[in-house]
Amino acid sequence: VQLQASGGGLVQLGGSLRLSCAASGSIFSLNVMGWYRQAPGKQRELVAAITSDGNTNYADSVKGRFTISRGNAKNTVYLQMNSLKPEDTAVYYCNLRSINGWSNYWGQGTQVTVSS
């Protein structure tokens with residue numbers, strides 16, 4: 001399984017970005033796709049996740065500003081980020097794991113920088 005992420009960049013305070021991640025290979029039907037982020041000097045943290053049947057979960061810090069969704073083919077996940085803040089600056093990583101947790105894959109990171 002390979003994950004290809006895209007969509008990061010530099011944006012001003014209050015701006016928006018949309019991250020995309022496409023999974024290829026033998027993808028198990030029951031899975032969770034999500035976005036994590038890691039800021040300098042901090043641990044990687046969950047931003048948002050969505051299960052194969054559409055249930056979502058968000059970090060408290062992004063609720064109401066970020067929206068995670070799946071593409072029609074279910075092998076693509078998007079993260080719409082609105083009202084961005086400088087504290088959202090981080091490297092964002094796409095993740096795919098099986099529901100039972102036995103398989104876990106990471107995409108390459110994409111940098112998101114929010115300037116004030």
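Look above for the structure.
All chains use their own residue numbering, which begins from 1 and follows the written sequence. Given that the model is predicted, a residue must reach a pLDDT of at least 70 before its local features are reported, and side-chain atom pairs must reach 80 or more before they are shown or counted; all residues, however, enter totals for whole chains, interfaces and linings. The side-chain values count all of the structure's non-hydrogen atoms but skip hydrogen atoms and water molecules.

### What to know about the pattern of salt bridges
Condition: We define a salt bridge as a side-chain nitrogen of Lys or Arg found within 4 Å of a carboxyl oxygen belonging to Asp or Glu. Here's how the labels work: a residue is buried when its accessible area is under 20% of the maximum for its type, exposed when over 50%, partly exposed in between, all with a 1.4 Å probe on protein chains only. By definition, any uninterrupted DSSP run of H or I lasting at least four residues is a helix, any uninterrupted run of E lasting at least two residues is a strand, and each is numbered from the N terminus.
In this structure the tally under the stated criterion is four salt bridges. The closest approach of N and O atoms between Arg-37 and Glu-45, which form a salt bridge, is 2.8 Å. For Arg-37, a relative accessible area of 5% corresponds to the buried category. You can call Glu-45 partly exposed: its relative accessible area is 37%. Taking the shortest distance from any N to any O, the salt bridge between Asp-88 and Arg-65 comes out at 2.8 Å. Here Asp-88 is found in the loop between strand S8 (76-81) and strand S9 (90-98), whereas its partner Arg-65 is found in the loop between strand S6 (56-58) and strand S7 (66-70), with 23 residues between them in sequence. We classify Asp-88 as buried; its relative accessible area is 0%. Judged by relative accessible area, which is 11%, Arg-65 ranks as buried. The network of salt bridges with common partners includes Arg-37, Glu-45, Arg-65 and Asp-88.

### Observations concerning the nonpolar core
To keep things clear, this is the line we draw: Residues belong to a common nonpolar core when they are buried Ala, Val, Leu, Ile, Met, Phe, Trp, Tyr or Cys residues joined through side-chain atoms within 4.5 Å. Residues are treated as being in contact if the distance between any of their heavy atoms lies within 4.5 Å.
Ranked by internal contacts, the top residues of the largest apolar core, which has 28 residues, are Trp-35, Leu-79, Met-81 and Tyr-92. Where this core is concerned, the elements lending two or more residues are strand S1 (2-6), strand S3 (17-24), strand S4 (31-38), strand S5 (45-51), S7, S8, S9 and strand S11 (110-115). When near neighbours in sequence (up to four residues on either side) are disregarded, Tyr-92 contacts Leu-19, Trp-35, Tyr-36, Arg-37, Val-47, Phe-66, Leu-79, Met-81, Gln-108, Gly-109, Thr-110 and Val-112.

### Some remarks on the sheet that holds S8
Spelled out, the test is: When DSSP finds at least two bridges between two strands, those strands are taken to pair. Angular values range over 0 to 180 degrees, each being the angle between N-to-C directions of two axes fitted as lines to C-alpha atoms, with helices fitted over their stretch in contact.
Overall, antiparallel pairing links the four strands, which are arranged S1-S3-S8-S7 in an open sheet. Strands at the two margins of the open sheet, each flanked by one partner only, are S1 and S7. With strand direction ignored, the average angle separating the axes of adjacent strands in the sheet is 15°. Inspection of the sheet shows S7 paired to S8 by five bridges, in the antiparallel sense. Along S8, the bridge assignment pairs Phe-66 with Met-81.

### A closer look at unusual backbone geometry
Located in the positive-phi region is Ser-83, a residue other than glycine, with phi close to 50°. Inspection of the secondary structure puts Ser-83 in the loop between S8 and S9. Judged by its relative accessible area of 41%, Ser-83 is partly exposed.

### What to know about the packing of aromatic side chains
Put simply, the test is: Pairs were defined over the aromatic rings of Phe, Tyr and Trp, the Trp ring being its six-membered one, requiring ring centres within 6.5 Å. Orientation was assigned from the angle between planes: stacked under 30 degrees, edge-to-face over 60, tilted for the rest. Think of it as a cone above the ring: NZ of Lys or CZ of Arg counts as a charge over the ring if it is within 6 Å of the ring centre and within 35 degrees of the ring normal.
The tally for this structure, following the rule as stated, stands at two aromatic pairs. Plain terms: the ring middles of Phe-28 and Tyr-105 are 6.2 Å apart, the flat faces sit at 25° to each other, and that makes the pair stacked. Placement of Phe-28 in the loop between S3 and S4 and of Tyr-105 in strand S10 (residues 104-106) is noted, with a sequence separation of 77 residues between them. Arranged with centres 5.0 Å apart and planes meeting at 70°, the rings of Tyr-36 and Trp-106 form a pair that is edge-to-face. Of the two residues, Tyr-36 is situated in strand S4 and Trp-106 in strand S10; the sequence distance between them amounts to 70 residues. One Lys or Arg, Arg-18, reaches over the ring of Tyr-78 and ends 4.0 Å from the middle of that ring.

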